[in-house]
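The residues making up each chain are set out below.
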Amino acid sequence: MLELRDITAGYGPAAPVLENVSLTIAPGEAVGLLGPSGCGKSTLARIVALLHPPRAGIVTVDGERVRGWRHRAPRHLRTAIGITFQQPRAAADPRLRLADTIAEPLRACGLAAAAKDRTAELAEAVGLTAELLHRRPHEVSDGQLQRACLARALVHEPRWLVCDEMTSMLDASTTAALVATVETYRDRTRAGLLAVSHDRDLLTRWCDRIIQLPPALIATSR
Ligand SMILES: Nc1ncnc2c1ncn2[C@@H]1O[C@H](COP(=O)(O)OP(=O)(O)OP(=O)(O)O)[C@@H](O)[C@H]1O
């Protein structure tokens, strides 16, 4: 199980973005997250991915309470969760070829020896050719770069996957291909999914259930 209990979170001294939010995702379950712009969907996604520490509340991953975020999170928890973001260009190092982008989390964990085989396997799963793997981000389309970012999110074979607006910049066929890749992976591994989107129709097709966050606390408190 992945559980968030009574989470309050925000940025700096400002009023919280999220207040007392709870969420549970079971293994193999796909949960969609909807809500108006600015209500805190990405903030919640980043908390689930252990990238943003909440101000209050408890996060538990497979029975283990999380006590550190980002580099302070233990490696076995960081590698249990993969995340893709809305803008692949902001999420990928412009200096790295796509092959190295995919393998980056393995190298960061001292697993470089596995990088070549794993990259080839994942490139096939996301539909990237060997030629594209040798290009850098400025030499590929947004959709091709997002495919590499999805492969990177899967490189540690995570038990939990967070897709934060993964397809909102992409056309229908690339969206379908990326969602199909995620679902093939989940069918095989029973990974749980949190999918953030503005697209209710997409989430209805993709997810077992949908959670709706209320409008932004900051906006409503004005
Ligand atoms: N790094 C940050 N520093 C300060 N404020 C931030 C930061 N990131 C987000 N915020 C603020 O937190 C609030 C929630 O942002 P968040 O990105 O979580 O919303 P969202 O629901 O994902 O929005 P959207 O649908 O537009 O992507 C917004 O008011 C935003 O301005």
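Conventions and cut-offs
Residues numbered from 1 in each chain as written. Predicted model: local features only at pLDDT ≥ 70, side-chain atom pairs only at ≥ 80, totals over all residues. UniProt positions renumbered as here; feature names shortened; annotations may be inferred. Helix = DSSP H or I, 4+ residues; strand = E, 2+ residues; numbered from the N terminus. Rg over C-alpha atoms; globule rule 2.2 N^0.38 Å. Contact = placed C-beta atoms within 7 Å. Pairing = 2+ DSSP bridges. Axes fitted to C-alpha atoms, helices over the stretch in contact; angles between N-to-C directions. Buried ≥ 20, exposed ≤ 12 C-beta atoms within 10 Å, placed from the backbone. Parallel < 35°, antiparallel > 145°, perpendicular 65-115°, else oblique. Left-handed = near helix turned anticlockwise from the far one by under 90°. Nonpolar A, V, L, I, M, F, W, Y, C, P; charged D, E, K, R; others polar. Near = placed C-beta within 6 Å. Core = buried A, V, L, I, M, F, W, Y, C linked by C-beta atoms within 7 Å. Expected span 1.5 Å × (residues − 1).

Within an unreviewed UniProt entry, the label attached to the chain reads ABC transporter related protein, and the organism entered is Streptomyces iranensis. Entered under Sequence similarities (unreviewed entry) in the UniProt record, the comment concerning the chain runs "Belongs to the ABC transporter superfamily."

*Asks:* How would you sum up the overall build of the chain? Please name residues and give values.
*Replies:* For the chain, the count of helices and strands is ten helices and nine strands. For a compact globule of 222 residues, the expected C-alpha radius of gyration is about 17 Å, and the chain comes in at 17 Å, within 12% of that figure. If you line up the chain on its principal axes, its C-alpha atoms span 50 × 35 × 35 Å. Put simply, 70% of the contacts in the chain that link residues at least 6 apart link residues at least 24 apart.

*Asks:* So what about the sheet that holds strand 6 (residues 81–84)? Which residues, and what values?
*Replies:* With respect to topology, five strands assemble into an open sheet ordered 6-7-8-3-9, the strand pairing being parallel. Two strands close off the open sheet at either side, each with one partner strand: strand 6 and strand 9 (209–212). If you compare each strand with its neighbour and ignore which way they point, the axes differ by 20° on average. With four bridges connecting them, strand 6 and strand 7 (residues 160–164) associate as parallel partners. Note that in strand 7 the partner of isoleucine 83 across the bridge is valine 162. In the packing of helix 1 (residues 41–48) onto the sheet, contacts are made with strand 3 (30–34), strand 6, strand 7 and strand 8 (192–196), and the angle to strand 8 comes to roughly 155°. Docked against the sheet, helix 7 (residues 142–154) engages strand 6 and strand 7, running at close to 170° with respect to strand 6.

*Asks:* I'd like a description of the environment of glycine 143, backed by residues and values.
*Replies:* Relative to the helices and strands, glycine 143 is located in helix 7. Since 18 C-beta atoms lie within 10 Å of it, glycine 143 is described here as partly exposed. The contact partners of glycine 143, leaving out residues within four places of it in the chain, are Leu170 and Thr174.

*Asks:* Explain the packing of helix 4 (residues 98–108) against helix 5 (residues 115–126) residue by residue, including any values.
*Replies:* Contact geometry of helix 4 with helix 5 gives a least axis separation of 9 Å together with a crossing angle of 130°. In terms of axis orientation, helix 4 runs oblique to helix 5. Helix 4 and helix 5 meet at a crossing whose hand is right-handed. Within the contact between the two elements, helix 4 uses Ala99, Ile102, Ala103, Leu106 and Arg107 and helix 5 uses Ala115, Arg118, Thr119, Leu122 and Ala123. In terms of residue class, the contact of helix 4 with helix 5 is made up of seven nonpolar, one polar and two charged.

*Asks:* Hey, could you go over the site of the ligand for me, with residue numbers and the actual values?
*Replies:* Among the twelve residues in the neighbourhood of the ligand, the closest are listed as Tyr11, Ser37, Lys41, Ser42 and Thr43. The element best represented in the shell around the ligand is helix 1, accounting for three residues.

*Asks:* Would you mind going over the sheet that holds strand 4 (residues 56–61) in detail, with residue names and values included?
*Replies:* What the four strands build is an open sheet, ordered 2-1-4-5; its pairing is antiparallel. Single-partner strands in this sheet number two, and they are strand 2 (18–25) and strand 5 (64–65). Across the face of the sheet, helix 1 comes into contact with strand 1 (2–9), strand 2 and strand 4 while running at roughly 130° to strand 1.

*Asks:* Any chance you could break down helix 1 for me, citing the residues and the numbers?
*Replies:* Helical geometry: 3.6 residues make up each α-helical turn, so side chains three or four residues apart lie on a common side. For helix 1, a buried count of seven out of eight residues is recorded, marking the element as mostly surrounded by other parts of the structure. Along helix 1, the positions that sit buried rather than exposed are Lys41, Thr43, Leu44, Ala45, Arg46, Ile47 and Val48.

*Asks:* Mind laying out the nonpolar core, listing which residues take part and the relevant values?
*Replies:* With 62 residues, the main nonpolar core has Val48, Ile102, Ala151, Val162, Leu193, Leu194 and Ala195 as its most contacted residues. Counting residues per element, this core draws most heavily on helix 7, at seven residues. With residues near it in sequence (within four places) discarded, leucine 193 still touches Ala30, Val31, Leu161, Cys163, Val182 and Arg186.

*Asks:* Describe helix 7, naming the residues involved and giving the relevant values.
*Replies:* Helix length check: helix 7, at 13 residues, gives a terminal C-alpha distance of 18 Å against a target of 18 Å (1.5 Å per residue), a fit within 8%. When we look at burial in helix 7, the residues that qualify are Gln144, Leu145, Gln146, Arg147, Ala148, Cys149, Leu150, Ala151, Arg152, Ala153 and Leu154.

*Asks:* Describe in detail the pairing of strand 1, supporting the description with residues and values.
*Replies:* Pairing of strand 1 with strand 2 involves five bridges; the strand directions are antiparallel. Bridged to alanine 9 within strand 2 is leucine 18. Bridge count for strand 1 against strand 4 is five bridges, and the pairing is antiparallel. Of the residues in strand 4, the one forming a bridge with arginine 5 is isoleucine 58.

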